[in-house]
Amino acid sequence: MLDEFRRQYAWQIREFFFTVKLLRRNPSAVAGFVIITGMVAMALTAPVLAPYNPIQISLGERLGPPGGAHWFGTDELGRDILTRVMYGARISLWIGVLVVAIAGGLGAVIGAVSGYLGHRVDNLIMRAMDVVLSFPPLVLAMALAAALGPSLNNAILAVAFVMIPKFARMVRGEALAVKEKQFIAAARASGAGSLWIVWHHILPNCFSSVIVLGTLILGETILIAASLSFIGLGTQPPTPEWGAMISVGRKFLMDQWWYATFPGLFILVTVIGFNIFGDALRDVLDPRIRR
Amino acid sequence: MSEPLLEIRNLAVQFFTYQGTVRALEGVSLRVERGEILGLVGETGCGKSVLARSVLRLIADPPGRITDGEILFKGRDLIKLSRREMRRIRGNEISMIFQEPMSSLNPVFTVGNQMQEVVALHQAVGRDEARRICVDMLRQVKMPDPDQVLLKYPHELSGGMRQRVMIAMELSCRPDLLLADEPTTALDVTVQAQVLAILEGITRQRGVAVLFISHDLGVVAQLCDRVAVMYAGGIVETATAAAIFAAPRHPYTRGLLQAIPRIDEGREALMVIPGTVPSLIDPPRGCRFHPRCGHRFQPCDREPPPFYEPSPGHRVACHLHAGEDQKRSWSRS
Amino acid sequence: MRILSYILKRLIYLIPVLLGVTLLVFIISHAIPGDPARMMAGQKASREAIDNLRHSMGLDRPLPEQYLQYLAGLVQGDLGFSIRNQRPVMEDMLDFFPATLELTLVSMVVCVSVGIPLGIISAVRRNRPIDHASRVFSVIGVSMPVFWLGLMLLLLFYRNLGWLPGSGRLDIGLDPPAHVTGLYLIDTLLEGSVGKFRNALLHILLPAFCLSYVYLAIITRIVRSSMISVMGLDFITTARANGIAETVITLKHCLKNSLIPTVTITGLSIGELLGGAILTETIFNWPGMGKYVVDSVNFLDFPALMGFTLVVSFTYVMINLAVDVIYAFLDPQIRY
């Protein structure tokens, strides 16, 4: 079974390991990867490693500065900020992954179909994508989140909707290029249907660019999701989301600087990680640089 | 014997890359006399372009560098000039035209703007005078409607017209030497003939010396007074065009000429030179051609051949043309 | 003349997009929970009053008809009625627009005047220290949560150093200048109140920097990468071979070619700035459209939110059109 898999995908497996080798030599890629792994690790181990319970209220310790017992200080209900930041990673990363999965999946299919079928269908779909892209991302996400009702899941849907056209445009461009290639004509000549061709030929060729775009969009997603929570349209209390924490921390900014500072710092570092890794990945996968 | 216009002595150029140091040019010596058209031929990758660019010091550093030798132009060593002095020579005393007319002109400025820029840079003339010079040059390269052409953008002209614009632009400041790096290779055959005729006409008329780089031996035979043959970063043979084509002496030159299929020959198979062009990171010791040469003998893989002169004006870098005494001493060792 | 036909073509393409925008906003508005008629009438209204109101607002008509009604209203400038302020949203927008415009313009000036030179220097001195520094600066910029940056700036410059004020457009005791443009920086000068000008300037510095940082980073990156790719092109070698000085090559030959992607991104950034302004204005209590919409969201004033969304996206589309036109001027190759 495993051998069957290895034989069929031998070329892809080789390409994958070659990519990994190139990435290892690239300092940005390594730095980004370390950051991402760190954040993921923190998110996954939070329930085990976090020193406190994220929603445990302790009114006696309200708004305490960073110190021995609470490395990042405490919030207005005495909850440990370090713990809440660690749990916040779970939420932000979860949102990021889900949004990219939904937007990437749907966007890629829309783009591939649009590019492959061409002509009026393509025109129509791309105009629709243009309509969505006519809104500054945060503005549209806000409108959607407000309309659907503020909650974590609705925030995910809102941001995913905003991101779909980015994937669709890119994949459509690739589909346009791929569909002119010979093997597509060959497949059609052997009687393959359009949907089958899109699924089996067009989409696999776009795979690596989707991954690269996905990594970069993941960073942008985390920023938008945090912004939504900051405004009050995303996750609701007591969920320890980074943006929401900053929103509350703002009220205490002047005297309790630690409250708003640490969550924001973690947003910054996480997004930096995804951005530099995504940039490095794009450079490494660029066919001109590969050879 | 008057001083040559351009004399390159022992030029060496290296490129420093991840894979190693590329020894692109080694021991290159060449002369161009005033007013003559010297052809420089060789396969792709033998260093012709690098040589031409080195004359104008256009080799980007990093990764490339001139590591040895002299380039004497009118007696001055160009390598030793300051950047400012070099800029005064470029486009002014030595000009260069390149292979790709499609991309050699800036797409966002008009032809007139680019031509006048060069004229105004090197000659102390006013705008109207500069414009007049440009129109005049365009007329000399037989451009229809020169005033209109000045107002056009490069993408509005065909490849042949663009190349003629290049010729006009590069000759506008009356240089003594023109470096032509495969100027017609990217053009259609009929356009090629046209452009070559114009190039020959205008350079002969003005007494401009031309270093004409090409891998097309037919064109070189028609156009050039003398020919230099390059292989793997070095010059292997120089002689008059007639001598090179009638009596080539270097085994590589012979191979090149034999490889040209000819109708009148009756041969069935194409003649090829066995083997492939060597890597310039780790070139063969001694004569760089020796691994592919059917005539190699003792010294070939040890000593790089100097220029022997079996007949006046005909120089060959091949040990086959060494003196008899020299050959005897080799066979004894 | 070719440019005119190009513009016309772009305009014609835009119309379906603009219609699509209105349609999307309309659809979202109708997904909003709650009954608009009840919200308008208030808590205590009787069922009959609410039904009358609903009828007069046309809310009992079929959806397509409501859409057309909506479009008709838009053409006349009717963006809806703000529940919070009890007046047309359009009036609210007009009131708050100048503050946002001023902030956006100042930010744009900062972005362009710092970003473009920084990008050029990075490209020319590629892989040297200044390039590495500006690349780090850029990465941080595109990864930065704008609202957090604002808070950190407040901590540093307002609380700790005390150099700059922390909110509003002017100190609390000062009256705004006589209204000519609505832009305090200009109006104070027109009025001759130098002291107020200085005050307004101090107030705008932090928000403008905060807002511009992200787009400064983006512009620097774009300028750098497009300059680098232009610098490797053949015609640059030609210019060098003709003896043209490196400075002229960089600033004339390379830059004009790089301007195309630069202008595109700058133009798009103006649109994005409108989005970022939402967060910045909130942090700095800047009384512009951004703060208006956040307040509206918190108040559940949906008509205001939808009105804002529509205006912003229309502006974005128009800016893109303007960018396309400028593009045509800069690149002779696409006038065909």
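On a predicted model such as this, the values are computed, not experimentally measured, just so you know.

A. Inspection of the sheet that holds strand S10 (residues 234–240) of chain B at higher detail. All names here are of chain B. An order of S6-S7-S8-S3-S9-S10-S12-S11 is seen for the 8 strands of this open sheet, with the pairing classed as mixed. Every other strand in the sheet has two partners, leaving strand S6 (94–97) and strand S11 (308–311) as the edge strands with one partner each. Recorded for the sheet is a direction-independent mean angle of 20 degrees between the axes of neighbouring strands. Here strand S3 (residues 37–41) pairs with strand S8 (residues 209–214) via 5 bridges, running parallel. Residue pairing across strands places Ile-37 opposite Val-210, the latter belonging to S8.

B. Just the nonpolar core, in detail. Ranked by size, the top nonpolar core spans 252 residues in total, and within it Ala112(A), Ala141(A), Met142(A), Val159(A), Leu211(B) and Phe212(B) carry the most contacts. In terms of residue count, the dominant contributor to this core is helix H9 (residues 194–231) of chain C (18 residues). Ignoring sequence-local partners within four residues, the contact set of Met142(A) consists of Leu228(A), Ile231(A), Leu233(A) and Val297(C).

C. Looking closely at the interface of chain C and chain B. Each partner contributes to the interface: chain C provides 17 residues, whereas chain B provides 22 residues. Elements with a contribution of two residues or more to the side of chain C that touches chain B: helix H10 (234–241) and helix H11 (246–283) of chain C. When residues in the side of chain C that touches chain B are grouped by element, the largest group, 6 residues, is from H10(C). Taken together, the residues of the side of chain C that touches chain B sort by class into 6 nonpolar, 7 polar and 4 charged.

D. Spatial organisation of the packing of helix H8 (residues 184–191) of chain C against H9(C). Residues and elements named next belong to chain C. One way to put it is that H8 packs onto H9 with a least axis distance of 8 Å and a crossing angle of 170 degrees. As the angle between them shows, H8 and H9 are arranged roughly antiparallel. In contact with Tyr-184, Leu-185, Thr-188 and Leu-189 of H8, H9 contributes Lys-196, Phe-197, Ala-200, Leu-201 and Ile-204. Considered class by class, the residues forming the contact of H8 with H9 number 7 nonpolar, 1 polar and 1 charged.

E. Here's a closer look at helix H5 (residues 89–124) of chain C. A rise of 1.5 Å per residue sets the reference length of H5(C), with its 36 residues, at 52 Å; its end C-alpha atoms lie 49 Å apart and thus fit the reference within 8%. Along H5(C), the sharpest kink reaches roughly 40 degrees, centred on Phe96(C) and followed within four residues by the proline Pro98(C).

F. Structural context of the interface of chain C and chain A. Counting residues at the interface gives 38 residues for chain C, matched by 38 residues for chain A. Taken together, the elements giving at least two residues each to the side of chain C that touches chain A come down to helix H1 (2–31), helix H6 (129–143), helix H7 (146–160), H11, helix H12 (289–299) and helix H13 (302–330) of chain C. Considering every element that reaches the side of chain C that touches chain A, the biggest residue donor is H13(C), with 8 residues. The class makeup of the residues in the side of chain C that touches chain A is 29 nonpolar, 7 polar and 2 charged.

G. Region of interest: the confidence of the model for chain B. Looking at chain B, pLDDT values average 88 and 98% of them are 70 or higher. With a pTM of 0.79, the predicted complex shows an ipTM of 0.86.

H. Summary view of unusual backbone geometry. Of note, the phi angle at Leu63(A) is positive, near 50 degrees, even though the residue is not glycine. With respect to the helices and strands, the residue Leu63(A) is situated in the loop between helix H3 (27–49) and helix H4 (81–117). Accessibility expressed as a C-beta count within 10 Å gives 15 for Leu63(A), which makes it partly exposed. The backbone of Ala232(B) shows a phi angle near 45 degrees, a positive value even though the residue is not glycine. Here Ala232(B) is to be found in the loop between strand S9 (226–231) and S10.

I. The arrangement of the arrangement of the chains in detail. The structure contains 2 pairs of chains in contact, of which chains A and C account for the largest number of contacts. At no point do chain A and chain B touch; the closest pair of C-alpha atoms across them sits 13 Å apart.

J. Inspection of the sheet that holds strand S4 (residues 64–73) of chain B at higher detail. Residues and elements named next belong to chain B. The strand order across the open sheet built from 4 strands is S2-S1-S4-S5, with neighbouring strands paired in antiparallel fashion. This sheet does not close on itself; its edge strands, each paired only once, are strand S2 (20–32) and strand S5 (76–77). Summarising the sheet, strand S1 (residues 6–17) and S2 pair through 9 bridges and their orientation is antiparallel. Across the sheet, the residue bridging to Val-13 is Leu-25, located in S2. With respect to the sheet, helix H1 (residues 48–55) is in contact with S1, S2 and S4, its orientation differing from that of S2 by roughly 70 degrees.

Rules used throughout
Residues numbered from 1 in each chain as written. Chains lettered and ligands numbered in written order. Predicted model: local features only at pLDDT ≥ 70, side-chain atom pairs only at ≥ 80, totals over all residues. Pairing = 2+ DSSP bridges. Helix = DSSP H or I, 4+ residues; strand = E, 2+ residues; numbered from the N terminus. Axes fitted to C-alpha atoms, helices over the stretch in contact; angles between N-to-C directions. Core = buried A, V, L, I, M, F, W, Y, C linked by C-beta atoms within 7 Å. Buried ≥ 20, exposed ≤ 12 C-beta atoms within 10 Å, placed from the backbone. Contact = placed C-beta atoms within 7 Å. Nonpolar A, V, L, I, M, F, W, Y, C, P; charged D, E, K, R; others polar. Parallel < 35°, antiparallel > 145°, perpendicular 65-115°, else oblique. Expected span 1.5 Å × (residues − 1). Bend = angle between axes of the 7 residues up to and from the residue. pLDDT = per-residue confidence, 0-100.

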